[in-house]
Amino acid sequence: MIVAVEEKITTSADKTIDAKGYWVTPGLIDVHVHLREPGYEYKETIKTGSRAAAKGGYTTICCMPNTNPVIDNEILVEYIKMKAEREAIVNVLPIGSITKGQKGEELANIGKMAQAGICAISEDGKSVMNAGLLKKAMKYVSMFNLPVFSHCEDPTLVGGGVMNAGEMAERMGMKGIGADSEEVIVARDIILARNTGVKLHICHISTAGSVQLVREAKQRGEAVSAEVCPHHFSLTDEAVEDYDANTKMNPPLRSAEDVKSLKEGLKDNTIEIIATDHAPHHMDEKNCEYDRAAFGIVGLETALPLGITHLVEENILTPMELIEKMSTNPAKLLGIDKGSLQVGKIADITIIDPDEEYAIDVNTFASKSKNSPFHGHWVKGRVKYTIVGGKIVLNNGELV
Amino acid sequence: MLRRKDILGIRDLNCEEILHILETAKDMKEKIGNKKAREKSLQNFSVVTLFYENSTRTRMSFALAGEYLGAEVADLGVATSSVNKGESLVDTGITLDQMGIDIMVIRHSMSGAANVLARNVRASVINAGDGVNEHPTQALLDLYTIFEKKKNFKDLKVAIIGDIIHSRVARSNVFGLTKLGAHVVVGGPSTLISKNMEYLGAKVTTDIKEALRDADIVMGLRIQLERQKGGLFPDLREYRGLFGIDEEMLKYAKADALLMHPGPVNRGIELSTEIIDGHQSVINEQVKNGVAVRMALLHLLAEERKRNEDTHSKWTHTRSFIQNRWDQRYTG
């Protein structure tokens, strides 16, 4: 527990950390992580994913249900909680699926999962294409006061695309994913969520049009929030050069115009959350034909430096605003008593050296997977300490 | 001299490199008919063709080109190989690499497949068509054919007509022709053509007469019959009526315009039989030039490999070597 926040603390302590010149922030919270367990332990496990989180300064992570089996009932929620209790070094909050087996046919055991302690429901990885069913799910989940996380993608418009549609896809000779495939579902879900009383959270928005749709919904006073991933504001589709599948993710890296709009959306707080969409994949799933490669990149260990480098250094956000989007606002969305350093709160704390400069090296990642397009990317800012519930799990940059 | 390990696309080549390949092809062409003059520059070299898609012209001409230059040429029958047991492209490449193959010629249904193979193997890789991306050797033989007849590319008007959106031949030609100073117009039905082609420097139109008007070169593309099922045009009768080229249509082009087609051609659909066999057609010469151009590429890559022999022999074909390559791309 945090017992005092003062300029001069006289109480004695077991351990003192000299954080001169560092930022001392509430522990970071990531609402969008794929831990891959159960089912895909060769990519990541609850244990390794939580270690990656600690290295990235995260004290709480929410894990998506697109595992095998899909997290669609309370037994699986209990399993994740039990594994996390035993093996994770940060807090893990499971997210339940919206439909059974993510098949889009019938509702998952949302109520039972709510009792077991899920923090949200999501069909992540795809949209519930049956609008009527989604609307019922929204109404149903509203009685448990859980948000709906919406992955927005109409597969009929994606049509086998693998990167952003536009000039770069044309140069590369690859099928493009247009902004429309994302935006029609963002618009649809905003409309569906009205009058259901549910908190709608739009995952990983990537296009200028999506930002505008969310902005307008907020202006109308609707309960909509949105997250952006660090890669979507740090890179454009130019990075796909050379068919390196470490640049393949869904939604794809977009155009410079979209990046500009995302940054504007961050600045005017249309986008109040930064989430990683940490999506570990094995090297074999990336060192192959681009069309065949898996979508997704790891993000837990690069999010904070990318935020500092591309948002704070470029004067898009103040340091305080960055941390709000990575801790305070996610806590608000989840309705959990975290994301603040007030006296009496649980001691989830992150200590950051904002000035250290270095090149990202995937070989230093604690994550089991190294699929990142940021290898060699020059960044500023390093997490030095991560403290979870008063326990130091990252000590001067080293996992304990 | 061509200072490259691989030939992956026209997009990567500069003007000088393209012209150098065409000049080399000219020498090669003279030697095709004269067995004694053939230089065995690929003696002790091994070439494998690795075709994940069907081919007559490209595969045969690579095989002949290799043999004319004295190489050992083998074909990996993909359909009867371990690819059918699920072996990945990268593992297939590594396996062939271990056998000491010098040059791999790959055709694959996915864009960028040749690039992926190239960065995982020690051998030189030639892209013989990857997805809807590029078909550089076809474009080079087209360029050679134009070069031979027109002597120059500057300000030539080239009309490419047909299924542009699915055509790696069209794309490679647009890259090459625009680099060499020609003007390219692509024409076809709006469902088989993309405005984005303008990013590559081509003019885009659905008006075929406009595309053909005063053209120096008319290039037809094969319309794949399965596109009809995809809802991209109603039927072949309509396609032929609106976008097929016959003697009347060809009159919109210059009187000395050349008619080209990469083959295989659907007679009477994208081109009428009369013009395929007419005096403006260079379709058969394209095939002949294909061997010369491929000889040129094999010769140039082999020369470059000889020049780098020392460095190559130091490379070991292990997983860690590949991991290094994988990393070097970021740090190097």
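## Things to note about the packing of helix 5 (residues 136-150) of chain B against helix 11 (residues 283-307) of chain B
All names here are of chain B.
Consideration 1: It is at 8 Å that the axes of helix 5 and helix 11 come closest, and there the two elements cross at 115°. Classified by the interaxial angle, the pair formed by helix 5 and helix 11 is roughly perpendicular. Relative to helix 11, the crossing made by helix 5 is right-handed. Residue-level contacts link Thr137, Gln138, Leu140, Leu141, Asp142, Tyr144, Thr145, Glu148 and Lys149 of helix 5 to Glu285, Gln286, Asn289, Gly290, Val293, Arg294 and Leu297 of helix 11.
Consideration 2: Looking at the contact of helix 5 with helix 11 residue by residue, the class counts come to five nonpolar, six polar and five charged.

## Observations concerning the interface of chain A and chain B
Consideration 1: Facing the 25 residues of chain A at the interface are 29 residues of chain B.
Consideration 2: Interface area for chain A against chain B, summed over the two sides, is near 2400 Å², with a carbon-plus-sulfur share of 48%.
Consideration 3: In terms of surface lost to chain B, no three residues of chain A exceed Glu170, Tyr243 and Asn287 of chain A, which account for 27% of the buried area on that side.
Consideration 4: Linking chain A to chain B there are three salt bridges.
Consideration 5: A salt bridge links Arg119 of chain B to Asp242 of chain A; the shortest N-O distance between them is 3.8 Å.

## Regarding helix 2 (residues 74-87) of chain A
Residue and element names in this part refer to chain A.
Consideration 1: Relative to the 20 Å expected for 14 residues at 1.5 Å per residue, helix 2 spans 20 Å between its end C-alpha atoms, a close match to the ideal helical length.
Consideration 2: All of the buried residues in helix 2 are Leu76, Val77, Ile80, Lys83 and Ala84. Seen end-on, helix 2 carries its buried residues on one side only, within an arc spanning 130°. Helix 2 presents Ile75, Glu85 and Arg86 as exposed residues on the side facing more than 90 degrees away from its buried surface.
Consideration 3: Taking the backbone nitrogen of Ile75 as reference, a side-chain oxygen 3.0 Å away marks Asn73 as the first, capping residue of helix 2.

## Notes on the pattern of salt bridges
Residue and element names in this part refer to chain A.
Consideration 1: Within the structure shown, the criterion is met by 35 salt bridges over all chains.
Consideration 2: A salt bridge links Arg188 to Asp189, with the shortest nitrogen-to-oxygen separation between them at 2.9 Å. For the pair Arg188 and Asp189, one class covers both residues: buried.
Consideration 3: The closest approach of N and O atoms between Glu356 and Arg382, which form a salt bridge, is 2.7 Å. Highlighted residues: Glu356 in strand 12 (residues 349-359) and Arg382 in strand 13 (residues 378-388), separated in sequence by 26 residues.

## Examining the packing of aromatic side chains
The geometry of two aromatic rings is summed up by the distance between their centres and the angle between their planes.
Consideration 1: Inspection of every chain in the model, using the stated rule, returns four aromatic pairs over all chains.
Consideration 2: With centroids separated by 5.7 Å and ring planes inclined at 0°, the aromatic side chains of Phe147 of chain B and Phe153 of chain B adopt a geometry described as stacked.
Consideration 3: Among the residues examined, Phe153 of chain B registers a relative accessible area of 3% and is labelled buried.
Consideration 4: Relative to Tyr239 of chain B, the ring of Phe233 of chain B lies with its centre 5.4 Å away and its plane at 50°, an arrangement referred to as tilted. Taken as a pair, Phe233 of chain B and Tyr239 of chain B share a single burial class, namely buried.
Consideration 5: Put simply, the rings of Phe233, Tyr239 and Phe243 of chain B pair up and form one aromatic cluster.
Consideration 6: When the ring centre of Tyr40 of chain A is taken as reference, the NZ or CZ atom of Lys43 of chain A above it lies at 5.6 Å.
Consideration 7: Taking NZ or CZ as reference, Lys248 of chain A lies 4.5 Å from the ring centre of Phe295 of chain A, over its face.

## Examining the nonpolar core
Consideration 1: If you look at the biggest cluster of nonpolar residues, it comprises 71 residues, and the most contacted ones within it are Ile61, Ile202 and Leu322 of chain A.
Consideration 2: Ignoring any residue separated from it by four or fewer positions in sequence, one finds Ile202 of chain A in contact with Ser150, Cys152, Val186, Val214, Val224, Ser225, Ala226 and Glu227 of chain A.
Consideration 3: Membership of the second largest hydrophobic core comes to 63 residues, among which are Ala25, Phe62, Val186 and Ile217 of chain B.

## Notes on the pairing of strand 8 (residues 217-220) of chain B
Residues and elements named next belong to chain B.
Consideration 1: Taking every second residue as pointing to the same face, both faces of strand 8 are buried, with Ile217 and Met219 on one and Val218 and Gly220 on the other.
Consideration 2: In this structure, strand 5 (residues 157-161) lies alongside strand 8, joined through four bridges in parallel fashion. Across the sheet, the residue bridging to Ile161 is Gly220, located in strand 8.
Consideration 3: Two elements, strand 8 and strand 9 (residues 258-260), share three bridges in a ladder whose sense is parallel. The residue bridging Val218 from the neighbouring strand is Leu259, located in strand 9.

## A closer look at the sheet that holds strand 6 (residues 148-150) of chain A
Residue and element names in this part refer to chain A.
Consideration 1: Strand order in this open sheet of eight strands is 2-3-4-5-6-9-10-11, and the pairing throughout is parallel. Of all the strands in the sheet, just strand 2 (28-33) and strand 11 (273-274) have a single pairing partner and so form its edges.
Consideration 2: Taken together, the two bridges between strand 4 (residues 91-96) and strand 5 (residues 120-122) define a ladder with parallel strand orientation. The residue bridging Gly96 from the neighbouring strand is Ile121, located in strand 5.
Consideration 3: Each of strand 9 (200-202) and strand 10 (224-228) touches helix 8 (residues 208-219); the most contacted strand, strand 10, lies at about 150° to it.

Rules and cut-offs
Residues numbered from 1 in each chain as written. Chains lettered and ligands numbered in written order. Predicted model: local features only at pLDDT ≥ 70, side-chain atom pairs only at ≥ 80, totals over all residues. Heavy atoms only, no water. Axes fitted to C-alpha atoms, helices over the stretch in contact; angles between N-to-C directions. Helix = DSSP H or I, 4+ residues; strand = E, 2+ residues; numbered from the N terminus. Parallel < 35°, antiparallel > 145°, perpendicular 65-115°, else oblique. Left-handed = near helix turned anticlockwise from the far one by under 90°. Contact = heavy atoms within 4.5 Å. Nonpolar A, V, L, I, M, F, W, Y, C, P; charged D, E, K, R; others polar. Buried area = accessible area lost by both parts, 1.4 Å probe. Salt bridge = Lys/Arg side-chain N within 4 Å of Asp/Glu carboxyl O. Expected span 1.5 Å × (residues − 1). Buried < 20%, exposed > 50% of the residue type's maximum accessible area, 1.4 Å probe, protein only. Arc of directions from axis to C-beta. Polar contact = N/O pair within 3.5 Å; in protein donor to acceptor, adjacent residues only side chain to side chain. Phe/Tyr/Trp six-rings, centres within 6.5 Å; stacked < 30°, edge-to-face > 60°. Lys NZ or Arg CZ within 6 Å of the ring centre and 35° of its normal. Core = buried A, V, L, I, M, F, W, Y, C linked by side-chain atoms within 4.5 Å. Pairing = 2+ DSSP bridges.

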